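Geometric and topological summary
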Amino acid sequence: MSVLAPGSEAELAASIRSAWEAGEPLAIQGNGSKAAMLRPVQAARTLSARALAGISLYAPNELILEAGAGTTLAAVEAAVAAAGQQIIAEPPDLSALLGTEATQTIGGVVAANLSGPRRVAAGAMRDHLLGIRAVNGTGEVIRSGGRVLKNVTGLDLCKLLAGSHGTLGVLSAVTIKVLPAAQAWGTLVLAGLDARAAVAALSAGLGSPYGVSGAAFLPAAAAARVPALAGLGASAALVRIEEFADSVAYRTGRLREDLARFGRADLLDDATSRAVWRAVRDVTPLAGGPEETVWRVSVRPSAGPGVLEAAETAGGRGLLDWGGGLVWIAAPAAAAEAVMAAARAAGGTWMLMRAPETLRAVLPVVPPEPPALARLTRSVKAAFDPKGILNPGRLFAGV
Amino acid sequence: MIALPEPKAEVLARRDDIVAGLRSLLPADAVIAEAERLRPYETDGLTAYRQVPLAVVLPSTTEEVAAVMAFCHREGIRVVPRGAGTSLSGGALPLADAVVVGLMRLNGILSVDYADRVAVVQAGVTNIGITQRVQEEGFFYAPDPSSQLACMIGGNVNMNSGGAHCLKYGVTANNLLGLRIVTVEGETVEIGGAHLDAAGYDWLGLLTGSEGQLAIVTEVTVRILRSPEGARAMLAGFRANEVAGACVDAIISSGIIPVALEFMDRPAIHACEAFAHAGYPLDAEALLIIEVEGSVEEQDRLLGQIRTICERFDPVSLRVAQTAEESAAIWKGRKGAFGAVGRISPDYLCMDGTIPTSRLPEVLGRIGAMSREYGLQVANIFHAGDGNLHPLIMFDANDPVSMHKAEEFGADILKLCVEVGGCLTGEHGVGVEKRDLMDVQFTATELDQQRRIKSAFDPGWLLNPHKVFPLAAAAA
């Protein structure tokens, strides 16, 4: 399969323009690190934004960074870390989970709207996406948003394209808000709770005045795969504070008192906290083989334990993030119906993150939309990509 | 003056039939068609523009909204949604041939769930009403536009409203989980729910801030947050705008993100002080109000660090509140800014551009020059942390020359915001007010792309059709 990797936005636009004229579908990617996700795309050619790399603007005192969509996430993270800042949504590196060696790009993270543990407190990638440049399905360059923190001018195409998985336009550059990284991390661990008690504890933490920035639950099997937690020999409910060092000490102390009714809470130090939350963020405790399916289910937090239980009953393994609202599941293919039914019953949504290609082609990788929304999906897709050449079928068959 | 589209003569001619049709769908008191009772709906917060609508309907349920929308769609009648009518950009300005759908009777808080930290509220619940309902449990709804006593959550969603505390808590879009909408065809659709992040397209993100162009919002699922232990403000006056701007930079660079970081220039300081007697330093050229959150000890520590930073910039005044009352006094002047300016000028235009924060001194300098050129006073209030600038242009609406100049002055300020890398509107929306400036910020291709999205939701352009998009583009 040939890969086009235009070196400028103008070349990107020209590539799409000629594909549009020829009515020729394109598989859209950065470095292809998310190729295992969602439905397989049938296209003779692949168009990559990987050559549109480089940080074009970084103003730490204005809390903004603009980069070409093909810039690796690692490069962006290194640049902001050097100024004591961070990407707010804490995007995950799912390479182990998805079984890939490819290095993800900032454009890919935005196009998939992937966020990590901090999402529950500080918002998703899409919440901090200030501006985009993209090329639509006819080869036109479209900007939305800009480089300022507050902007309600016109329809918000930033949010629409974030999470559209390259089906509406190909991002050429993104501008994101960044924030100072906290001086210190502290994590309370409550060992041995079942999922329901754990989520009740996580809710108490998130409902406290102490600014909890992460709240996750690892069942015993998942905790055993995190070196710092393996010694527990039990499940781990995790509550994180990121603050100035004095405040971490104060707030974890107060939280420990508040959570005492759920059990004893031990405090992980800064370095251990970072290692544990990296594992949660990257979902490494669930990494498995290519024959497994991996699901990302989003429900109201109190419904998380029920979804986890349904997946476990069907032979799967899981963990909870976002206070219980994000359920990561690794399961045999046969568990698919049980996972989708549990998500549906909880009024939530799902995304199939990894599965053998034959399954991905037939399963609903995201929930089918009710007729009115399905119509809007088709008409909005047509408003950007009238010939349906950008990542056709990636989210929904025939769209 | 900004032009409104020609009313459809055939719709005006059918007025009595249309009103009868609406009356067949709704309770008698929910349809307003008498001239004197329509008058209160002729304008919103942008009072320079007025237009009495064809009729006003006040549905009490989503089903009634759906029935009205289906009827209007079938009959080809334009619809203008309205919450509390506080829009400063004319977002709720009617058209002569349009039915105004007022959502104020949809005013119920349907559920509150503290464990999952969500509340489901109808569109006509006031912004403050959500916080009032949950504050006994120590929770609040974060976005706090200045109009929060009156403005309604449905309007907040449509305008993606901000507020003084969005530096930390984000704007409306960052605090929503779900919507119930009624499409232009009259179909009721659920978007999102009590969970985070959509799996398909981000309809929630697209609808938020869409200014009534895409659908009618009838219910909103919002995130509610636990209030911090406490909050306290400090005030710092400086000798020049540049110095205050540099101080803001230094605070942010230190790694401290205050929960609010407000900037007032000399005219704003004087107007607010005369009105509120908040103890603002009248010898300062620029004033910062800085607020932090946390326990008392945490507040002391952060305010101490910020104070040390401020001292490097030779402040003319530095006052750290020691109590909640002192904090409230510091905020009193800022929160009363609009009233304060209203007292010294018969009318004012409240502009709303955003600029890169580093360009503030230059932008204020150029606004000052424009003020002298136009012969109109201006006071500047600025959300310094996020670059959202609110110049208040003072004029006399009874004098057409003064009004025209004020509009020109405002347009020049917004063009300047775009020129320095910012945008036309940070939180008030485009509405009617900035509609004809959209091509300053966007290319024709970009506006066409947005119009095609509007057409995907509303092929007949019946929803609030005279807003956001330049009229020529809208007609194309």
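Residues numbered from 1 in each chain as written. Chains lettered and ligands numbered in written order. Predicted model: local features only at pLDDT ≥ 70, side-chain atom pairs only at ≥ 80, totals over all residues. Heavy atoms only, no water.

The subject of this paragraph is the domain arrangement of chain A. Residues and elements named next belong to chain A. Partitioning chain A into domains gives domain 1 (2–180), domain 2 (184–282) and domain 3 (290–358). Between domain 1 and domain 3, the C-alpha centre-to-centre distance is 26 Å. Between domain 1 and domain 3, the residue contacts involve 17 residues of the former and twelve residues of the latter. Between domain 1 and domain 3, a total of about 1100 Å² is buried, with carbon and sulfur atoms accounting for 65% of that surface. For the pair domain 1 and domain 3, the interface holds zero salt bridges. Where domain 1 packs against domain 3, one counts four residue pairs in polar contact (both at pLDDT 80 or more). Those elements that provide at least two residues to the side of domain 1 that touches domain 3 are α3 (95–98) and α5 (119–122). Broken down by element, the residue count for the side of domain 1 that touches domain 3 peaks at three residues, all from α3. When its residues are assigned to classes, the side of domain 1 that touches domain 3 shows eleven nonpolar, five polar and one charged. (Domains from an automatic or database assignment. Contact = heavy atoms within 4.5 Å. Buried area = accessible area lost by both parts, 1.4 Å probe. Salt bridge = Lys/Arg side-chain N within 4 Å of Asp/Glu carboxyl O. Polar contact = N/O pair within 3.5 Å; in protein donor to acceptor, adjacent residues only side chain to side chain. Helix = DSSP H or I, 4+ residues; strand = E, 2+ residues; numbered from the N terminus. Nonpolar A, V, L, I, M, F, W, Y, C, P; charged D, E, K, R; others polar.)

Once that is clear, we can look at the packing of aromatic side chains. Residue and element names in this part refer to chain B. With the rule as written, the count across this model stands at nine aromatic pairs over all chains. With a centroid separation of 5.1 Å and 50° between ring planes, the pair formed by Tyr114 and Phe139 is classed as tilted. Of this pair, Tyr114 sits in the loop between β5 (109–113) and β6 (118–122) while Phe139 sits in strand β7 (residues 139–140); the two residues are 25 residues apart in sequence, bridging distant segments of the chain. Between Trp203 and Phe457, the ring centres sit 5.9 Å apart and the planes meet at 80°, which makes this aromatic pair edge-to-face. (Phe/Tyr/Trp six-rings, centres within 6.5 Å; stacked < 30°, edge-to-face > 60°.)

All names here are of chain A. Its identity as a non-glycine residue notwithstanding, Glu90 has a phi of 55°, on the positive side. As for its placement among the helices and strands, Glu90 is situated in the loop between β6 (85–87) and α3. Here Asn113, not a glycine, exhibits a phi torsion of approximately 45°, which is positive. For Asn113, the location among the structural elements is in the loop between α4 (106–111) and α5.

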